[in-house]
Amino acid sequence: MDEQALLGLNPNADSDYRQRALAYFEQLKISPDGWQVCAEALAQRTYSDDHVKFFCFQVLEHQIKFKYSELTAAQQQLIRETLITWLQAQMLNPQPEKTFIRNKAAQVFALLFVTEYLTKWPKYFFDILSVVDLNPRGVDLYLRILMAIDAELVDRDVVHTSEEARRNTLIKDTMREQCIPNLVESWYQILQNYQYTNSEVTCQCLEVVGAYVSWIDLTLIANDRFINMLLGHMSVEVLREEACDCLFEIVNKGMDPIDKMKLVESLCQVLQSAGFFSIEQEEDVDFLARFSKLVNGMGQSLIVSWTKLVKNGDMKNAQEALQAIETKVALMLQLLIHEDDDISSNIIGFCYDYLHILKQLTVLSDQQKANVEAIMLAVMKKLTYDEEYNFENEGEDEAMFVEYRKQLKLLLDRLAQVSPELLLASVRRVFSTTLQNWQATRFMEVEVAIRLLYMLAEALPVSHGAHFSGDVSKATALQDMIRTLVTSGVSAYQHTSVTLEFFETVVRYEKFFAVEPQHIPCVLMAFLDQRGLRHSSPKVRSRTAYLFSRFVKSLNKQMNAFIEDILNRIQDLLELSPPENGYQSLLSSDDQLFIYETAGVLIVNSDYPAERKQALMRNLLTPLMEKFKILLEKLMLAQDEERQAALADCLNHAVGFASRTSKAFSNKQTVKQCGCSEVYLDCLQTFLPALSCPLQKEILRSGVRTFLHRMIICLEEEVLPFIPSASEHMLKDCEAKDLQEFIPLINQITAKFKTQVSPFLQQMFMPLLHAIFEALLRPAEENDQSAALEKQMLRRSYFAFLQTVTGSGMSEVIANQGAENVERVLVTIIQGAVEYPDPIAQKTCFIILSKLVDLWGGKDGPVGFADFVYKHIVPACFLAPLKQTFDLADAQTVLALSECAVTLKTIHLKRGPECVQYLQREYLPSLQVAPEIIQEFCQALQQPDAKVFKNYLKVFFQRAKP
């Protein structure tokens, strides 16, 4: 071996050595006898360095995984012998190998097993067991190998090919027949031998039993000798967590419902008499978390049994199963309420399924009602934040609690299905008690009281949030609680969690304010002062900005009296904060978008006459336009790139804010009706000069483009005079990405205004195409994937543009470009359909071809087009699907084929029998298609039902492909 290269395997080696080691690894993998060098080194224990040993196993692993079939029988025998020799040596080693080497060795053994067991090495396990016997080193490796084999055969996270899946099933079937009873016996011997002397090996063995139990005969494990041993392990501190997991796997195994019930009940009896159900005495939370998972498994298994028995009509046994479930509820509740969230979380599945049973019962007993109430109180208690929760800097623990809260919410929703009245009454009791004295109550209790009210909105089913009509008692209860929420003054509580919950809840129940509008002013004040948008916490300010816009939008009818007051109060929040003054505005630019949108909504939906709306909109947008002009001048003069970027960012925000205000308009309230056209046209005139700014082009163009999209919707034809010069600027020295983003704008104009923009389109059609072709032909690095992706996306955009033009009845735009240009365009469409393996673009190309054939393919079409149909379009319909890259198993490709079928049908429709004759006599014979298939093809094409032909075409190409 190359000793110098091996030095690079050490993690502390310098990069040159490491590079050399990598290169050596690659060399050994490719060379025909590299693996033999490594096999010899392992068998003869040539190297003591751990990294070299690991390296040798990696080379062997590669050989077995990818090149095993190339070896001769003798070489394969050598690999088997090497591994067995290495295994024998482990029995005598004074020190065991490091864990990472043992794991890697186990992986190699497992790989060889799946490769050889069915054919060349049926005695695999017997050979290994005869070497290891009960030697602790050997047993450790044997168990690691078993876990590695299980990972190869049944690990759900490993994606297997269908071939591998078939092989794995066959291996498991063969193992069940030939060796599983012996393996189970070996596990029993290992457990019996080591349970009191070697906890590590015992735990490993329990893990193996738990892994294999899912696919072997359960009676081999679920019998007295095994179960009694496992129950014994439950009382041994170092073994009980693994024993718990092992019992869980046994309980989880699918089996007959009555047998399952008996198994679970006998387990429970033993566990209960051994004192495991007395949770309060247990201090080890890690064990309790596993125990909770076991109880959850037992509970859910009993519920599955109950469901099956009810379904089979076996009511006697179903009643017994229900009885068994009920006796576990007290234990379930103890675990659910446990202060450790992991323990509680592990039992939620059982709890949820138990409630599902209660939901199906027509009448609940007093005990079941008490259980429902107990679950409800547990959920309310467990929803509460603890003292350690860090609101300012949320980390992993906080994220886990948020997830846990989501699980509890599901329980609450299920409780609402079982007993909505009880849930409402319980929440009302907690809410009222807490809010009566909120000033003297800890934040977490106040937060959870408001949170429960918030959660009721989703838990109690209604359509469209109409909680305040219909059921009077429910409506009254909710109304009382929300009235208390807004009048109690709790919005002033000095904790961010309470503040946020307050705003979330008033917005969730916005329909309350339509019923009791007198409370709107005090909620608006909370939004606008130090409790909301001016809160000391940026997190609260940010969320409030969004919630405020939702509140105003949903109650716009009730806002009229407050509009001017609100607009005055938010004035300072609308300021564009330029980069130079160091002034930190209260809101981020993303949050300001919501405030601008809110201002727009207030103005547009007000009852004011158009002149007043125009004046208010002008007041809102003029400061933006003035700032924009100043900043654009500064940008033109800025030298420093960082400053340029900051200024461009600020300019972009200004355009974005103006865009956002326009979202307030609708079909009922158009820009014209509100008298605001002039203001937005002024904005356009202010913003468009940014397109000719040579600096920071990407960000400026992107902002103005978005604004133009909005204005096409809002201003309609008033925007048209601005489009030609804007387009001209955007086409100047642009990249593939710029073009790709510019084309949707042209598509939007084309689709909306159609013939109105025909002269403009005809004029800019070729300049746009030249820019596209130039960008597509621009050379890029061979393996520059982002450049390749950009070109692919641009190609798609180009075809989408042609589709829009032809689909909007504007084919004359193409026709008027002169014969040479028309031909060039048509050739690119054919190329798109055939040459690029991109089914999305291919589909678009066939749609365009169908449209063009429909428009030009008749007897009175342009000169030479009929020729083009037969020379190029018909061949494209065959050449594209015949390509190897045209994958008929892919959904997008099938859609492309469907459009290809439409193209052929359209050609037949426009050209009639002539098309059939051409296919029969010339084209299909040139592809060497058999005469009877040609006949069949032409018959399918002439079928009046297009669907018949689409289905036929798929079969036709499936047969044609090798």
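Residues numbered from 1 in each chain as written. Predicted model: local features only at pLDDT ≥ 70, side-chain atom pairs only at ≥ 80, totals over all residues. Heavy atoms only, no water.

- By the naming in an unreviewed UniProt entry, the protein chain is Exportin-T, taken from Phascolarctos cinereus.
- Under the heading Subunit (unreviewed entry), UniProt records this for the protein chain: "Found in a complex with XPOT, Ran and tRNA. Probably found in a complex with nucleoporins. Interacts with Ran and tRNA in a GTP-dependent manner."
- Checking UniProt for the protein chain, the heading Sequence similarities (unreviewed entry) contains the comment "Belongs to the exportin family." (UniProt positions renumbered as here; feature names shortened; annotations may be inferred.)

**Observations concerning the overall build of the protein chain**
Part 1: Of the regular secondary structure elements, the protein chain holds 46 helices and zero strands.
Part 2: Principal axes of the C-alpha set define a box for the protein chain whose edges measure 90 × 85 × 65 Å.
Part 3: By the burial criterion, 51% of the 962 residues in the protein chain qualify as buried.
Part 4: Considering only intrachain contacts with a sequence separation of at least 6, the fraction spanning at least 24 residues in the protein chain is 72%.
Part 5: Counting only carbon and sulfur atoms, one obtains 51% of the accessible surface of the protein chain, whose full area is about 44300 Å².
Part 6: The protein chain carries 94 positive and 122 negative side-chain charges, and their two centres are separated by 6 Å. (Helix = DSSP H or I, 4+ residues; strand = E, 2+ residues; numbered from the N terminus. Buried < 20%, exposed > 50% of the residue type's maximum accessible area, 1.4 Å probe, protein only. Contact = heavy atoms within 4.5 Å. Areas by Shrake-Rupley, 256 points an atom, 1.4 Å probe, with all protein chains shown as cover. Lys, Arg positive; Asp, Glu negative; His and termini not counted. Charge placed at Lys NZ, Arg CZ, Asp CG, Glu CD.)

**A few points about the pattern of salt bridges**
Part 1: Scanning the entire structure with this criterion turns up 48 salt bridges.
Part 2: The partner of Arg290 in a salt bridge is Asp245, and the shortest N-O contact between them spans 2.6 Å. Residue Arg290 is located in helix 15 (residues 285-311), and its partner Asp245 is located in helix 13 (residues 240-252); the two are separated by 45 residues in the primary sequence.
Part 3: The partly exposed category is assigned to Arg290, whose relative accessible area is 27%.
Part 4: Its salt-bridge partner being Glu501, residue Arg451 comes within 3.3 Å of it at the nearest N-O pair. Placement of Arg451 in helix 23 (residues 443-459) and of Glu501 in helix 25 (residues 496-508) is noted, with a sequence separation of 50 residues between them. (Salt bridge = Lys/Arg side-chain N within 4 Å of Asp/Glu carboxyl O.)

**Overview of helix 3 (residues 34-43)**
Part 1: Among the residues making up helix 3, those that are buried are Gly34, Trp35, Cys38, Ala39, Ala41 and Leu42. Buried residues of helix 3, seen end-on, are gathered within an arc of 160° and therefore sit on one face of the element.
Part 2: Count one or two residues on from helix 3 and you reach Arg45, which has phi positive near 50°. (Arc of directions from axis to C-beta.)

**Description of helix 42 (residues 865-882)**
Part 1: Its 18 residues place the ends of helix 42 25 Å apart at the C-alpha level, agreeing with the 26 Å of an ideal helix rising 1.5 Å per residue.
Part 2: A maximum bend of about 35° is found in helix 42 at Ala876.
Part 3: Within helix 42, the full set of buried residues consists of Phe865, Phe868, Val869, Tyr870, Ile873, Val874, Pro875, Ala876, Cys877, Phe878, Ala880 and Pro881.
Part 4: On its buried side, helix 42 packs onto helix 40 (819-834), helix 41 (839-856), helix 43 (891-911), helix 44 (913-926), helix 45 (931-941) and helix 46 (946-960). (Expected span 1.5 Å × (residues − 1). Bend = angle between axes of the 7 residues up to and from the residue.)

**A closer look at the packing of aromatic side chains**
Part 1: Tallying each qualifying case throughout the model produces 51 aromatic pairs.
Part 2: Between Phe276 and Phe287, the ring centres sit 6.1 Å apart and the planes meet at 55°, which makes this aromatic pair tilted. With Phe276 in the loop between helix 14 (257-273) and helix 15 and Phe287 in helix 15, this pair connects stretches of sequence that are eleven residues apart. When sorted by exposure, Phe276 lands in the same class as Phe287, which is buried.
Part 3: A connected cluster of aromatic rings, assembled from ring pairs, spans Tyr870, Phe878, Tyr918, Tyr923, Phe937, Phe949, Tyr952, Phe956 and Phe957.
Part 4: A cation over a ring is seen here: Arg240 above Phe287, with NZ or CZ 4.0 Å from the ring centre.
Part 5: It is Arg405 that lies over the ring of Tyr385; its NZ or CZ is 4.3 Å from the centre. (Phe/Tyr/Trp six-rings, centres within 6.5 Å; stacked < 30°, edge-to-face > 60°. Lys NZ or Arg CZ within 6 Å of the ring centre and 35° of its normal.)

**Let's talk about the environment of Pro517**
Part 1: With respect to the secondary-structure elements, Pro517 resides in the loop between helix 26 (512-515) and helix 27 (520-528).
Part 2: Classification of Pro517 by relative accessible area gives partly exposed; the value is 38%.
Part 3: Considered as a pair, Pro517 and Gln558 are 41 residues apart in the sequence and their alpha carbons are 7.3 Å apart.

**Re the domain arrangement of the protein chain**
Part 1: Here the domain parsing of the protein chain yields domain 1 (277-385 + 398-418), domain 2 (420-530), domain 3 (599-733) and domain 4 (818-961).
Part 2: Measuring from the centre of the C-alpha atoms in domain 2 to the corresponding centre in domain 4 gives 64 Å. (Domains from an automatic or database assignment.)

**Side note on the packing of helix 22 (residues 420-436) against helix 23**
Part 1: Contact geometry of helix 22 with helix 23 gives a least axis separation of 9 Å together with a crossing angle of 150°. Considering their axes alone, helix 22 and helix 23 lie roughly antiparallel with respect to each other. Of the two elements, helix 22 crosses helix 23, and the hand of that crossing is left-handed. Seen from helix 22, the contacting residues are Leu423, Leu424, Val427, Val430, Phe431, Thr434 and Leu435; seen from helix 23, they are Glu445, Val446, Ala449, Ile450, Leu452, Leu453, Leu456 and Ala459.
Part 2: Looking at the contact of helix 22 with helix 23 residue by residue, the classes come out as 13 nonpolar, one polar and one charged. (Axes fitted to C-alpha atoms, helices over the stretch in contact; angles between N-to-C directions. Parallel < 35°, antiparallel > 145°, perpendicular 65-115°, else oblique. Left-handed = near helix turned anticlockwise from the far one by under 90°. Nonpolar A, V, L, I, M, F, W, Y, C, P; charged D, E, K, R; others polar.)

**A word on the packing of helix 12 (residues 224-233) against helix 13**
Part 1: Put simply, helix 12 and helix 13 touch, their axes get as near as 8 Å, and they point 145° apart. For the crossing formed where helix 12 meets helix 13, the hand is left-handed. Seen from helix 12, the contacting residues are Ile227, Leu230, Leu231 and His233; seen from helix 13, they are Arg240, Ala243, Cys246, Leu247 and Ile250.
Part 2: Here the residues of the contact of helix 12 with helix 13 are counted per class, giving seven nonpolar, one polar and one charged.

**With respect to the nonpolar core**
For soluble globular proteins, the rule of thumb is that nonpolar side chains tend to be buried together.
Part 1: In terms of nonpolar packing, the biggest core is built from 344 residues, with Met175, Trp187, Phe291 and Phe878 touching the most fellow members.
Part 2: Per element, the largest residue contribution to this core is 13 residues, and it comes from helix 23.
Part 3: Setting aside residues up to four positions removed in sequence, Trp187 forms contacts with Tyr142, Leu146, Cys205, Val208, Val209, Tyr212, Ile216, Ile221 and Phe226. (Core = buried A, V, L, I, M, F, W, Y, C linked by side-chain atoms within 4.5 Å.)

**Some thoughts on unusual backbone geometry**
Outside of glycine, negative phi angles account for most residues, and trans bonds account for most peptide bonds.
Part 1: At Gln696, a position not held by glycine, the phi torsion is positive, near 50°.
Part 2: Structurally, Gln696 can be placed in the loop between helix 33 (677-687) and helix 34 (697-715).
Part 3: Given a relative accessible area of 23%, Gln696 falls into the partly exposed group.
Part 4: Positive phi, close to 45°, is recorded for Lys754, a residue that is not glycine.
Part 5: Locating Lys754 in the fold gives a position in the loop between helix 36 (736-753) and helix 37 (758-777).

**With respect to the side chain of Arg705**
Part 1: Note on placement: Arg705 falls in helix 34.
Part 2: Once you skip the residues sitting within four places of it in the chain, Arg705 turns out to touch Met730, Asp738, Glu741, Phe742 and Leu745.

**A closer look at the state of the cysteines**
Part 1: Within the structure shown, the criterion is met by zero disulfides.
Part 2: Free of any disulfide, Cys351 has its nearest cysteine sulfur in Cys268, 16 Å distant.
Part 3: For the unlinked cysteine Cys900, the closest cysteine sulfur is that of Cys877, found at 4.2 Å.
Part 4: The buried category is assigned to Cys900, whose relative accessible area is 0%. (Disulfide = S-S within 2.5 Å.)

**Observations regarding the side chain of Lys172**
Part 1: As for its position among the elements, Lys172 is in helix 9 (residues 162-178).
Part 2: Here Lys172 is buried and forms no salt bridge, its nearest opposite-charge partner Asp173 lying at an N-O distance of 7.4 Å.
Part 3: Dropping the residues within four chain positions of it, Lys172 is found in contact with Leu153, Val154 and Trp215.

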